[in-house]
Amino acid sequence: MSLRTALRLGGSSGAARLRSHCNPPSWHLWSRLLATLAHDNFCERKIEEFAAVYRKSATKRDDIHNHYPSLVSTVKWSLSNDPKLTVTSPPESYTQQLNAMLEVLALSAAPADLKLIDKLLEDMPVVFLMHPSTETHTIILHALIKANKIPTAINWIRNIAKKPGDVFPTLFQYHMILEACMGKETPNYLLNIIRKMRSSGCPPTQETYAFVIRALWEQHDNATEYRTRPSLLTFRSLIKDMKEDGLSGRYEIADMLYDGYASRGFTSDAATVLQDYLASGEEIVVIEEQQRFLELCSQLSEAAQKGGVQSALNLFVQLKPGDWMSKTSAEWRMLRAILRKSSSVADLTRAEEVTGIKASIFHWSDLITNAVRQDNVTGAMEIYEAAKAAGITPDAPMAGPIIQAWCYKHEDASYLSALTIYNELKASHPLVAYREKDSRLDRSKGPDLNVYQNLMRGLSHVAASLPNAMDLLEQLTNDMKARDIPLFTVSGARIVILMHQASSEDQAFAIYEKYKKDLDSHGYIEVLNGFSSLTYGKRIHNPSLVRYFQIANDMKRAGLPPMSDRVFTTLLSTYSRIVTQLRKSGQDAYEYRGSIQTSVRRIHDLITLEAALSPSAVMWNTVMNLYQRLECYGDAYRASVSIIFDVCAFSGSSYSLKQALSRLEADKYKLNKKNWDSLVEAYLRLGMANEAAKAVCLEMPRSDVQPDQTTVRMLLSLASEDKDLFNAIQQRVEKYLPGEWEKLPAKFTQPMV
């Protein structure tokens, strides 16, 4: 039976009722029906028939759009004809059907689907005998998050109070969204969400700010280059925001602020941020004993940093902390301060003996993390095994650093070692839905989002050589589903793993096209890296720049940050690997040299033309290095001059630019057209407008290099922010370059007023 059939009234009694269907019920009748929230048996049967057919449907979303309105009409028609209201509370089947439809529509999140969700919420009292509740909106938000529709989820939660049911957003719902952003969005993005919390009438709590603190340190820990620790000014701003939100201080936040710096060896900053927090207001709820304890931990941590564990233990014996210490919390924190920089089981054993404090999973985790940071994965494994022998059951923060370290080696054997740790972790903890943690400040027990992201990314690098890569992908995917961890969080890695099964670039691109809808900015970068690195069984493969930048443009069209610097640095890294392989292959790969040289020149041009990009010195140096390794010495020298001009401009150093020009003049170097354009741009970016106009109007023609429309338009465009400057340069161009002046469009020839 189809849904249409399920909704058909039929029968003699239906015919009798149909006669009155054309007469709409009076307002008084509807008011009474809405007040009673009850159905007759006919309504109940029609809803259950609808649900039974819906469950078997393969086109659920389309069926909701096509047949749900008929169900509503049927229910309202029945209720308008003097029904016997025997169903006075919603059966479980009503709740299940409603939630199933809400989830399907929210997972799609198309405008028409969101509009229909609003209609469902409006119809709930009449059709499903219940009012929209907090749980109703939680189901919708969870589906939006699961579908990687974070901006839509944020917009939805901001407007909950305006929707049917008089429901207001809750702290738990906002924390769901913040949790989904962890590891994916910047701390500033999280702060923007917190601002929206205030405006929606759901003020943030200390736990809310804990997300931002975690995000700041995760951004630091996950950085692959230019790693700098979060500044004290950043945390002072957070402390100020917490105070303005009327939040009294909490010991857990104080410890979190302190531990962020101290656990990474920045003991001086740890002490400073702790003092800033404690001094932020009289309402701070940190009792004297806790403050004394934190100060003592700071002293022990600093001693361990400067003189090692033994120095910290000597200080511990000297200070003789008294009975004021809490036996349940302070002891393990003190031992953690002593072992802050240690990666030795012997240190832990010695510290236990001297302090009389039994090491917990926190201390073993710290030792493992320190060993991994020292690039000593073997040592981390020894600590891991010693912890298990001591009766410690590994959790995600303990096993996660080892899994990440093995995965980042991009070797088959190392990845299999990571899987071994993962399987032990999975076996140690029963399935618990990721969203059901009691507190967002708690440690994750079983495998969490971070573990799965590392495993998927690791698999994406070894998928070409592991024979069971697809089986592993299926296993990890099923495990994530079982633990309710959204698959969109690893969509980039999953696409790259699937692309490794492609035999051609066409097939790889088709795989990307099929699954790209779930990608976020970071996922796109993963796909770009994977796509450009594929070789399809060849020793050397020159990737299609057209398709590479088509993927990059898809990221822009999806409304995501373009991340232009990452797009180009990823591509340059790929070509560095290609050129290395090319040089290793010698004459056997000579046929590829010409096409690769052409590609590098094209990339150089695109870097120069990308308006949203401010190329760094490292990026320019990579381009230079590629030219030299490809033996394009003419390109390298010509590019080096333009690069020097660009670096001077973006660094704001007019002195360096003048020095560079003096050296070129001494070497009697003749600037080409590209050099001149770079020099003119540098002049204008450095505020040297007179020199720029002189170069275009006088010096270029004298050097037999004719300025063209590109040069003249660039000169006028960069001068357009200053009316007087723009008009003055117009006059010079018209006087000295009449031929180019006549070709200019009106926006460049009309004086500014």
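Predicted, not measured: the structure shown is a model, and the values here were computed from it. (Residues numbered from 1 in each chain as written. Predicted model: local features only at pLDDT ≥ 70, side-chain atom pairs only at ≥ 80, totals over all residues. Heavy atoms only, no water.)

## A short note on the overall build of the protein chain
The test is simple: Labels follow the DSSP assignment, with helices taken as runs of H or I lasting at least four residues and strands as runs of E lasting at least two, numbered in each case from the N terminus. Exposure categories follow from relative accessible area, calculated using a 1.4 Å probe and restricted to protein chains: below 20% of the type maximum is buried, above 50% is exposed, and the middle band is partly exposed. The contact criterion used is simple: two residues touch if any of their non-hydrogen atoms lie within 4.5 Å. Exposure was quantified through the Shrake-Rupley algorithm and a 1.4 Å probe, taking into account, for residues, occlusion by the shown protein chains and nothing else.
When helices and strands are tallied, the protein chain shows 40 helices and zero strands. Residue burial in the protein chain is summarised as follows: out of 753 residues, 51% are buried. In the protein chain, the share of contacts with a sequence separation of at least 24, taken over all contacts with a separation of at least 6, comes to 71%. Here the protein chain displays about 35300 Å² of accessible surface, and carbon together with sulfur accounts for 50% of that area.

## Here's the deal with the environment of Asp412
Our working rule: The definition of a polar contact used here is a pair of N or O atoms within 3.5 Å, where within protein one atom must be able to donate a hydrogen and the other to accept one, and adjacent residues in sequence count solely through side-chain atom pairs.
Checked against the element boundaries, Asp412 lands in helix H23 (residues 412-428). Spatially, the C-alpha atoms of Asp412 and Ala463 are 8.8 Å apart, while their sequence positions differ by 51 residues. Other than its neighbours up to four places away in sequence, Asp412 contacts Val462, Ser465 and Leu466. Polar side-chain contacts of Asp412 include one of 2.7 Å to the side chain of Ser465.

## What about the confidence of the model for the protein chain?
We apply this condition: Each residue carries a pLDDT value, the predictor's own confidence for that position, ranging from 0 to 100.
On average, the protein chain scores 82 in pLDDT, and the residues at 70 or more come to 87%. By mean pLDDT, the top-scoring element of the protein chain is helix H21 (residues 377-389) (96), and the lowest-scoring one is helix H2 (residues 11-21) (35). Under a pLDDT of 50 for its full length, residues 1-36 has, in the predicted model, 44 contacts with residues more than four places off or in other chains. For residues 433-441, every residue scores under 50 in pLDDT, and the model assigns this stretch 28 contacts once sequence neighbours within four places are set aside.

## Notes on the nonpolar core
Proteins that are soluble and globular tend to have nonpolar side chains buried together. Spelled out, the test is: Think of a nonpolar core as a cluster: buried Ala, Val, Leu, Ile, Met, Phe, Trp, Tyr and Cys residues, connected wherever their side-chain atoms sit within 4.5 Å.
If you look at the biggest cluster of nonpolar residues, it comprises 195 residues, and the most contacted ones within it are Tyr68, Ile177, Tyr415, Leu455, Leu459 and Met499. Not counting the four nearest positions on each side in its chain, Ile177 is found in contact with Leu141, Ile145, Ile150, Ala153, Ile154, Ile157 and Ile193. Listed in part, the 36 residues of the second largest apolar core include Val680, Met688, Cys697 and Leu716.

## Overview of the packing of aromatic side chains
To keep things clear, this is the line we draw: Pairing of aromatic rings covers Phe, Tyr and Trp, the last counted by its six-membered ring, and requires centre-to-centre distances within 6.5 Å; plane angles under 30 degrees mean stacked, over 60 mean edge-to-face, and any other angle means tilted.
According to the stated counting rule, one finds twelve aromatic pairs in the structure shown. Judged by centre distance (6.0 Å) and plane angle (70°), the ring pair of Phe42 and Trp77 falls under edge-to-face. Of the two residues, Phe42 is situated in helix H4 (residues 41-56) and Trp77 in helix H5 (residues 60-79); the sequence distance between them amounts to 35 residues. Classification of Trp77 by relative accessible area gives buried; the value is 2%.

## Some words on the packing of helix H13 (residues 232-244) against helix H14 (residues 251-262)
Test applied: Orientation is described by axes fitted as lines to C-alpha atoms, over the contacting stretch for helices, and by angles from 0 to 180 degrees between their N-to-C directions. In this scheme, roughly parallel covers angles under 35 degrees and roughly antiparallel covers those over 145, while 65 to 115 is roughly perpendicular and the rest are oblique. Note on residue classes: Ala, Val, Leu, Ile, Met, Phe, Trp, Tyr, Cys and Pro are nonpolar, Asp, Glu, Lys and Arg are charged, and everything else, Gly too, is polar.
Between H13 and H14, whose axes approach to 12 Å, the crossing angle comes to 175°. Our classification of the angle between H13 and H14 gives roughly antiparallel. Within the contact between the two elements, H13 uses Leu232, Phe235, Ile239 and Met242 and H14 uses Ile253, Leu257 and Tyr261. Of the residues in the contact of H13 with H14, the class split is seven nonpolar, no polar and no charged.

## Remarks on the pattern of salt bridges
Let me state the cut-off plainly: Put simply, a salt bridge is a Lys or Arg side-chain nitrogen that is within 4 Å of an Asp or Glu carboxyl oxygen.
Evaluated as defined, the whole model comprises 25 salt bridges. Among the ionic pairs, Arg457 bridges to Glu526, the shortest N-O distance being 3.4 Å. With a gap of 69 residues between them, Arg457 in helix H24 (residues 449-462) and Glu526 in helix H28 (residues 521-533) connect regions that are remote in the sequence. The class of Arg457 is partly exposed, set by a relative accessible area of 25%. Measuring nitrogen to oxygen at the nearest pair gives 2.7 Å for the salt bridge that ties Asp677 to Lys673.

## Considering the side chain of Ser532
Mapped onto the elements, Ser532 comes out in helix H28. A distance of 2.9 Å separates a polar atom in the side chain of Ser532 from the backbone oxygen of Leu528. What Ser532 contacts, discounting residues up to four positions off in sequence, is Pro543, Tyr548, Leu571 and Thr574.

## Looking at helix H11 (residues 187-199)
The following threshold applies: Expected span, for any helix, means 1.5 Å times one less than how many residues it has.
In this model H11 runs 19 Å from its N-terminal to its C-terminal C-alpha over 13 residues, within 8% of the 18 Å that 1.5 Å per residue would give. Gly201 sits one or two residues past H11 and shows a positive phi near 85°.

## Focus: the packing of helix H10 (residues 171-181) against H11
Quick reminder of the rule: Crossing handedness is read from the near helix: turned anticlockwise from the far helix by less than a right angle, it gives a left-handed crossing, and turned clockwise, a right-handed one.
It is at 10 Å that the axes of H10 and H11 come closest, and there the two elements cross at 165°. When the interaxial angle is binned, H10 and H11 end up roughly antiparallel. For the pair H10 and H11, the sense of crossing is right-handed. Between H10, through Leu171, Tyr174, Ile177, Leu178 and Cys181, and H11, the contact on the second element is made entirely by Tyr189, Leu190, Ile193, Lys196 and Met197. Of the residues in the contact of H10 with H11, the class split is nine nonpolar, no polar and one charged.

## A few points about unusual backbone geometry
Unlike most non-glycine residues, Leu129 shows phi in positive territory, near 60°. Judged by its relative accessible area of 4%, Leu129 falls in the buried class. In the Ramachandran plot, Asp704 falls in the positive-phi region, its phi being about 60° despite a non-glycine side chain. Along the polypeptide, Asp704 turns up in the loop between helix H36 (689-702) and helix H37 (709-719).

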